[in-house]
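What the coordinates show
Each chain, letter by letter, is given below.
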Amino acid sequence: MPAILGLSGLAGLLLLVEVLPYTGVVSADFLPPTHRIAAALVDEVAEGAFWSALWDTLVAWAVGLAIAVAAGIAAGIVIGAVPLLRALTASTIEFLRPIPSVAMIPLAVLLYGTEIQSTLMLVVYASFWQVLIQVLYGVQDVDPVAEETARSYGLGAWARVRYVLWPTALPYVMTGVRLAAAVALVLAITAELVIGAPGLGSRIAVAQSSNAVPNMYALIAVTGLLGVGINLAARGVERLLLSWHQSVRGEVLV
Amino acid sequence: MLLDVRGLKKVYEGRQRPVEAIRDLTFGLDAGDLVCLVGPSGCGKTTLLKCMAGLLAPTEGEVRLRDKRITGPPPGMAVVFQEYGRSLFPWMSVRDNVELPLRNKGIARRQRQDLVAQALAVVGLADAHHAYPWQLSGGMQQRVAIARAVAYQPDVLLMDEPFAAVDAQTRADLEDLIRDLWRKLGVTILFVTHDIDEAVYLGQRVIILSSSPTVVREVLGVDLPERRDQLTTRSDSRFTELRAHVYAQIQAAKRESMEILATFGRAGSGKSSRSQSEAKSV
């Protein structure tokens, strides 16, 4: 039932976009009707350049996300497990974290020009904090009784990280990855759009400057679909890895 | 003497003032003992147990296992905690929970599987290998925790109010399970409880602690027959005498500490910030 409602809402939006240009409220030059956007999408899909742009965006997204997740987890566990480090870095993290990634665009251009590395740098910077903060919370969440149990059975520091700390932090890590995946896409598109690094973003900019308005909308729709797909995939992975966790298993009646 | 507690003292450095949880405890366990430890609530039972398990460093005195001073969790000792739900790992199946300490010990796979199967069978959970702890009832979860301790093959088993959070019927079953395991496996058990009946029913000896600051008030031998069961033992007149005696001792301990409080103002007594497991009534 909710799926049907959701789909009919989407159908309503498509219908609205189809009708609106004919009412004269907005000009068809700026908002072409749905069928023209759809036709443009078909044209795009037929072109090799579209697929290579999509590939570039996905590569920048995936590589950037992977770097950010790996670095965020490693830094989070080390910082979270050592109280002194945590105290030392807390204010620095609070200062660096709110800096909008786009403020780094000039720096990225300075360092890497319009290459993919520029996009990567922005993606990594934006998503790293999402992961780090969640891991820091997760590390704090270790149950003292579980920790004492592990210690009393002679589990060393490394074994406790592996068997107690990591599973405890995993739900937080997954939340961080899900947030980071969404942010990474935003930053990948932004970087391509603004810097002109290869990808869907720069293709949108080209469509706009060459007055191919329906194509521009079609490409925007593609980025939206990409976002939906990424979110669905992240949730799927979460459900798979956290089947034991209360948020996934729900309440069990015993 | 297998396990030796000598002049143990534990003072927590509180924010405003130090809190003396344990003043001076000396007692011992021989191999094969089943000793129960009772005391008024807030007398530092959990603190004592953590010191014995090597999880907490005593302020003064020492705990020795096989004449070796305990400085960290020693091999050959297993602890069963009251909070079974937090002590078992929800991300592991029952089997993996029981197996983890063995894997950490470096026991070969074959032997691990045998030990896990035996331990789960002996606590009556032979068909729960693949379940997750949270799919089981409270009593069954505590059985898993006991199986984990049994599979570890400890010389000494420390139990910290293990049945305080389960219902009365389950508790009776688990008490009999402990007596049973003790007779079958010959493991040495120190059983901490706030429940006087439980202490007398289970133990060969009952160590009665004073109120905080804690010392040993009395060590009572329990001269009940070796074979005990819930119906006849609990209606035995000797059982009633013993429990009345322990009860009187604990009441006296509480009264004395109240008098000390009245005389010297608010000093001494205090609860460790971590231990939330003491019971309200005795």
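Residues numbered from 1 in each chain as written. Chains lettered and ligands numbered in written order. Predicted model: local features only at pLDDT ≥ 70, side-chain atom pairs only at ≥ 80, totals over all residues. Heavy atoms only, no water.

The name that an unreviewed UniProt entry assigns to chain B is ABC transporter, with the source organism given as Phytohabitans flavus.

An unreviewed UniProt entry lists chain A under the name Nitrate ABC transporter permease, from Phytohabitans flavus.

The next point concerns empty space enclosed by the protein. Tallying each qualifying case throughout the model produces two cavities of 30 Å³ or more. Its volume calculated, the second largest cavity comes out at about 50 Å³. What lines the second largest cavity is Thr-149, Ala-150, Tyr-153 and Leu-155 of chain A together with Phe-89, Asn-97, Leu-100, Pro-101 and Arg-148 of chain B. Elements with a contribution of two residues or more to the lining of the second largest cavity: helix 7 (144-152) of chain A together with helix 3 (94-105) of chain B. In terms of residue count, helix 3 of chain B provides more of the lining of the second largest cavity than any other element does, three residues in total. (1 Å grid on protein atoms, 1.4 Å probe; cavity = no way out; pocket = protein on both sides within 12 Å on 5 of 7 lines; lining within 4 Å. Points joined across faces, edges and corners; volume = space filled by probe spheres on them. Helix = DSSP H or I, 4+ residues; strand = E, 2+ residues; numbered from the N terminus.)

This part covers the side chain of Glu-175 of chain B. Residue and element names in this part refer to chain B. In this fold, Glu-175 is placed in helix 6 (residues 168-185). Given a relative accessible area of 1%, Glu-175 falls into the buried group. Setting aside residues up to four positions removed in sequence, Glu-175 forms contacts with Phe-163, Glu-198, Tyr-201, Leu-202, Gln-230 and Arg-234. (Buried < 20%, exposed > 50% of the residue type's maximum accessible area, 1.4 Å probe, protein only. Contact = heavy atoms within 4.5 Å.)

Another point: the nonpolar core. Counting 119 residues, the largest nonpolar core has Leu-200 of chain A together with Ile-146 and Ile-189 of chain B as the members making the most contacts within it. Examining the composition of this core, we find that 18 residues originate from one element, helix 8 (residues 157-195) of chain A, more than from any other. Here Ile-189 of chain B is in contact with Leu-29, Asp-33, Leu-34, Val-35, Leu-157, Met-159, Ile-178 and Trp-182 of chain B, once residues within four sequence places are set aside. Leu-25, Ala-53, Val-79 and Leu-158 of chain B belong to the second-largest nonpolar core, a separate cluster that totals 31 residues. (Core = buried A, V, L, I, M, F, W, Y, C linked by side-chain atoms within 4.5 Å.)

Let us look at the packing of aromatic side chains. Residue and element names in this part refer to chain A. Inspection of every chain in the model, using the stated rule, returns eight aromatic pairs over all chains. Here Phe-50 and Trp-51 contribute two aromatic rings whose centre-to-centre distance is 5.1 Å and whose plane-to-plane angle is 75 degrees, an arrangement assigned as edge-to-face. Since its relative accessible area comes to 45%, Trp-51 is described here as partly exposed. These aromatic residues form a ring-pair network of at least three members: Tyr-125, Phe-128 and Trp-129. (Phe/Tyr/Trp six-rings, centres within 6.5 Å; stacked < 30°, edge-to-face > 60°.)

Moving on: the environment of Leu-241 of chain A. Residue position: Leu-241 of chain A is located in helix 10 (residues 213-241). Ignoring any residue separated from it by four or fewer positions in sequence, one finds Leu-241 of chain A in contact with Leu-170 and Met-174 of chain A.

All right, on to the interface of chain A and chain B then. If you look at the interface, chain A gives 22 residues, while chain B gives 29 residues. Where chain A abuts chain B, roughly 2,300 Å² becomes buried across the two surfaces, and 63% of that area is made up of carbon and sulfur atoms. The largest per-residue losses of area from chain A upon contact with chain B belong to Tyr-153, Tyr-163 and Trp-244 of chain A, which jointly make up 30% of the total buried on that side. Here Lys-50 of chain B ties to Glu-148 of chain A by a salt bridge, and the two come within 3.4 Å at their closest N and O atoms. Per element, the largest residue contribution to the side of chain A that touches chain B is eight residues, and it comes from helix 7 of chain A. Each residue belonging to the side of chain A that touches chain B can be placed in one class, and the counts come to 13 nonpolar, five polar and four charged. (Buried area = accessible area lost by both parts, 1.4 Å probe. Salt bridge = Lys/Arg side-chain N within 4 Å of Asp/Glu carboxyl O. Nonpolar A, V, L, I, M, F, W, Y, C, P; charged D, E, K, R; others polar.)

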